[in-house]
Amino acid sequence: MRTAAAFSRRLRAFRRQRGMTQRQLAAVVGYDHSMVSRWERGTREPPPAATVLRLDVALDTGGQLADALVRGQLPPGGPPHPSPSAHAPAHPSRTAASATAHSPTTASPLPFPLPRPPLLPAPPARAAEAYGGPLSASALARWPERLPLRELNCPLHGSAAHCPVPDFATVHALFDGVRGFGRSGAPFPDGSDEDVLHGLTALLECLVVENRTDLASDDTAHVERVLRALTGWAEHLHAAGRAPRGQLVLGAHYAVLAGRLRRQNGQNAAAMAWFGHGARWAEAGEDVSARAELLGEMSTLARAEHDLGSALSYAQALGALRPDRGWTAVLSHIFQARAYARAADPYETRRHLTLAGRRLDRLDGRDVAESPCLEGAQGTLHLDSNTGASLRDLAVSTGDRRAARRAVAATGSALGQLPQWMRPIRLLLTVRLADGHACAGDHDAAWETAAPVLRSAALSPRTVIAEELRGLSRRLVRT
């Protein structure tokens, strides 16, 4: 009992020093916040060993909680003082500047936290493949031969190079070697080993496509396993006096997907942690496109947490990354419009949507090379989708049925352009289209639009789709 009481006191002390709420800590380790409260009050026995390890990682205790339970005692003294770069934001209220405040120097430690072996739960049995995650036959059929790709440029040579990508079997073997970095004397690859980085870039592209294709896919453990290997490799290169720029840049892009997957699972605190880590890696690697993508994700997450001030701050910081580039302006205006819509500000919402459209029409070749998602029809789809979401949110916050009708038009246009294989996004936009009809007062159209997808939406494990469905349900129940 003495050990349990000491565990409770120490858990509370570590959590408070890290600035996390019980709800945030619970989201990271996969429990309800009431259970964290019971552990801290001592009304429940300490959790299983695997959960204690996750608590140690989330709170950066150096393994003290797990050691205490194994040895039957806790070390004396208070929680250790965290290093300035050891923690990503635990809550979206932290500013974009704090997420990108670390500037690397050759004499300083790496500007990102380096995971310990028990960083995350062990991957499920289906993830036994060494390359980091199962890929469908359709994903393997799209395995690229060269970089850059639709979503990603080469982390070493950028968008201008045409770098060869090893075939899938070679990448499988390469990643099996990456997993063994530093274990049992296994050497790290040389810093010039381009095949590993090119192969892991192609793998990331396939995982991104898989996430957009398969509603049931959840590659969280596999993506985070690659991140562990990349950070270990970067640490090795840094210690040897070599700049790990390619590893940092690729790690930042993997952090985008890791955060999205956590967000899809409703783990917002863990998602923001990955976005914060990725932002520091992208800054250290001097990759503006990754920094912009991460700031956009942080703005989206802050908006979902109803922290509209932070959502605007992140969106404005995105525009300030490269004021001379049209693509940063387009994205900044889109994210500002989304935040102002939630804040019930019709003037600013419409102003930023108009500015986004004007800048999108004036993008040049350099812009689309740095932000391929805004090129041609893909850029129009991106703008239409966000216009529909912004105007639907504005209709919800103000009751403006004219905005709702415009939202229906924009979302319908986005659905018409969306490839059939993007099933999760198609489901999301269909529910949003039905909600637009409901906000416009056309409940028959809302039911007719939603009926074919209601079952799929209700069974979807993705939090974003569940949130859209709850909003639609509230609007329809009022009728």
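Criteria and cut-off values
Residues numbered from 1 in each chain as written. Predicted model: local features only at pLDDT ≥ 70, side-chain atom pairs only at ≥ 80, totals over all residues. Heavy atoms only, no water. Helix = DSSP H or I, 4+ residues; strand = E, 2+ residues; numbered from the N terminus. Patch = residues over 30% accessible without salt bridge, like charges linked within 9 Å, V, L, I, M, F, W, Y side chains within 5 Å. Areas by Shrake-Rupley, 256 points an atom, 1.4 Å probe, with all protein chains shown as cover. Salt bridge = Lys/Arg side-chain N within 4 Å of Asp/Glu carboxyl O. Lys, Arg positive; Asp, Glu negative; His and termini not counted. Charge placed at Lys NZ, Arg CZ, Asp CG, Glu CD. Buried < 20%, exposed > 50% of the residue type's maximum accessible area, 1.4 Å probe, protein only. Polar contact = N/O pair within 3.5 Å; in protein donor to acceptor, adjacent residues only side chain to side chain. Contact = heavy atoms within 4.5 Å.

Asks: Whenever I open this one, unusual backbone geometry confuses me. Can you help?
Replies: Phi at E286 takes a positive value of approximately 55°, unusual for a residue other than glycine. If you trace the backbone, E286 turns up in the loop between α12 (268-284) and α13 (288-304). Although it is not a glycine, H306 sits at a positive phi angle of roughly 65°. Relative to the helices and strands, H306 resides in the loop between α13 and α14 (308-321).

Asks: How do you make sense of a positive patch on the surface when you look at a structure like this?
Replies: Among the surface-exposed residues, R401, R402, R405 and R406 lie close enough to one another that they form a single positively charged patch. Tracing the sequence through the fold places R401 in helix α19 (residues 401-417). You can call R401 partly exposed: its relative accessible area is 47%.

Asks: Whenever I open this one, helix α3 (residues 33-41) confuses me. Can you help?
Replies: For an α-helix, the turn length of 3.6 residues means that residues three or four places apart are oriented alike. Taken together, the buried positions of α3 are occupied by M35, V36, S37, W39 and E40. Positive backbone phi, approximately 80°, marks G42, located one or two places after α3.

Asks: How do you make sense of the pattern of salt bridges when you look at a structure like this?
Replies: Under the criterion given, the structure shown has 18 salt bridges. A salt bridge links R260 to E293; the shortest N-O distance between them is 2.9 Å. Pair noted here: R260 is in helix α11 (residues 245-264) and E293 is in helix α13, with a separation of 33 residues, a long-range link. Judged by relative accessible area, which is 28%, E293 ranks as partly exposed. Salt-bridge contacts for R350 lead to D400; the nearest nitrogen and oxygen are separated by 3.1 Å. Placement of R350 in helix α16 (residues 346-361) and of D400 in the loop between α18 (376-398) and α19 is noted, with a sequence separation of 50 residues between them.

Asks: Hey, could you run me through the side chain of R15 in this one?
Replies: Tracing the backbone through its elements, the reader meets R15 in helix α1 (residues 2-17). Only 2.5 Å separates the side chain of R15 from the side chain of E40, close enough to count as a polar contact. Here R15 is in contact with M20, T21, Q22, L25, E40 and L59, once residues within four sequence places are set aside.

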